[in-house]
Amino acid sequence: MKKRYLYLLLLPGVLFLTIFMIIPILMTIGTTFFHEGSGFSIQGYLDFFQDRYFIEILLTTLRVSLFTTIICILLGFPAAYYISKLKQRKKAIMLLLTIFPLLTSPVVRSFSWMVIIGKNGVVNKLLMGMGLIDKPLDILYTPTAIIIGLVHLFLPLIIVTLVGVMENIETDLLKAAESLGASRLAVFSKVIIPLSVPGLVIGSILVFVGSFTAYTTPALLGGKQRVISTFLYQNAITLNEWQVASIVATIMIAVTVLIISIMNGLAKKLNPKG
């Protein structure tokens, strides 16, 4: 009886997700296989994967998402470890400062980076003033600019996720490893990193999926540099090609599910007991 009541508590959430998420997604995917007057067909997908322009957009998006994830891991892991070792009050302050960028609109952040990395921006003026370059660097409206904006956008997610895992690592384990002769580097690589794998995987998934599907930051910092989200928007809103937009959306869903499966499989290999 108690289990039945628990299932009833789940019912509103399940109905909401089914009506407003699962059914629309299934309808979107279904429209990509059925064309008016031709019945079931996968020709739309075949045309897409034979189109070099679309393949280049997809590969660019994957590269941007991958580099963003790697940079967030490299920057976020040491920062999260430092924060996790602080006392409760200082930890709360540092986490608040970490989360603060998430409270700012992506539009505002993107325009801020346009001011910083533009041809007449702070970075170019500083480098030219120091005599390191003769002419302004073309950073804005490139994949590099998109990566910078996405790292700024998603770095807090991976830090917060890792802090939640690292603060639960028992200090006694680290002391035991050191007492058995392990160096600090060995403790970090053989104890801390393996125990942090669950948080690292969750954070990496959040960053990668967020980067892969982000629209505002790539649209503002990428300019004419297309990624899959801006390509989807162009077909749906500008060109009114909803059939094409549905195919692009389905491919995004498939890639996202594939990447999550790969990361979960990698996590099981790195930490089988976790």
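Here is what the cut-offs are and how they apply
Residues numbered from 1 in each chain as written. Predicted model: local features only at pLDDT ≥ 70, side-chain atom pairs only at ≥ 80, totals over all residues. Heavy atoms only, no water. Helix = DSSP H or I, 4+ residues; strand = E, 2+ residues; numbered from the N terminus. Contact = heavy atoms within 4.5 Å. Expected span 1.5 Å × (residues − 1). Bend = angle between axes of the 7 residues up to and from the residue. Axes fitted to C-alpha atoms, helices over the stretch in contact; angles between N-to-C directions. Parallel < 35°, antiparallel > 145°, perpendicular 65-115°, else oblique. Left-handed = near helix turned anticlockwise from the far one by under 90°. Nonpolar A, V, L, I, M, F, W, Y, C, P; charged D, E, K, R; others polar.

**Q** Any chance you could explain the environment of Leu62 here in plain terms?
**A** Locating Leu62 in the fold gives a position in helix 3 (residues 52-84). The spacing of Leu62 and Phe208 is 146 residues in sequence and 8.8 Å in space, taken between C-alpha atoms. For Leu62, the contacting residues outside a window of four places in its chain are Phe208, Phe212 and Val255.

**Q** Any chance you could explain helix 7 (residues 143-166) here in plain terms?
**A** Since one α-helical turn is 3.6 residues long, residues separated by three or four positions face the same way. With 24 residues, helix 7 extends 32 Å from end C-alpha to end C-alpha; this agrees with the ideal 34 Å at 1.5 Å per step. When the local axis directions of helix 7 are compared, the greatest deviation, roughly 40 degrees, occurs at Phe154, which is followed within four positions by the proline Pro156.

**Q** Can you help me understand the packing of helix 3 against helix 9 (residues 184-213) in this one?
**A** A packed helix pair is summarised by two numbers, namely the angle formed by the two axes and the spacing between the axes. Following both chains from N to C, one finds helix 3 and helix 9 inclined at 140 degrees, their axes separated by 9 Å at the closest point. Put simply, helix 3 runs oblique to helix 9. Between helix 3 and helix 9 lies a crossing whose hand is right-handed. In this structure, helix 3 uses Leu58, Thr61, Leu62, Ser65, Leu66, Thr68, Thr69, Cys72, Ile73, Phe77 and Tyr81 to contact helix 9, whose residues at the interface are Phe188, Ile192, Ile193, Ser196, Leu200, Ser204, Val207, Phe208, Ser211 and Phe212. Residue composition of the contact of helix 3 with helix 9, by class: 14 nonpolar, seven polar and no charged.

**Q** Even after reading the chapter, I still don't get the environment of Leu195, so can you show me in this structure?
**A** Residue placement: Leu195 occurs in helix 9. Each C-alpha atom of the pair Leu195 and Asn168 lies 9.4 Å from the other, and the pair is 27 residues apart in sequence.

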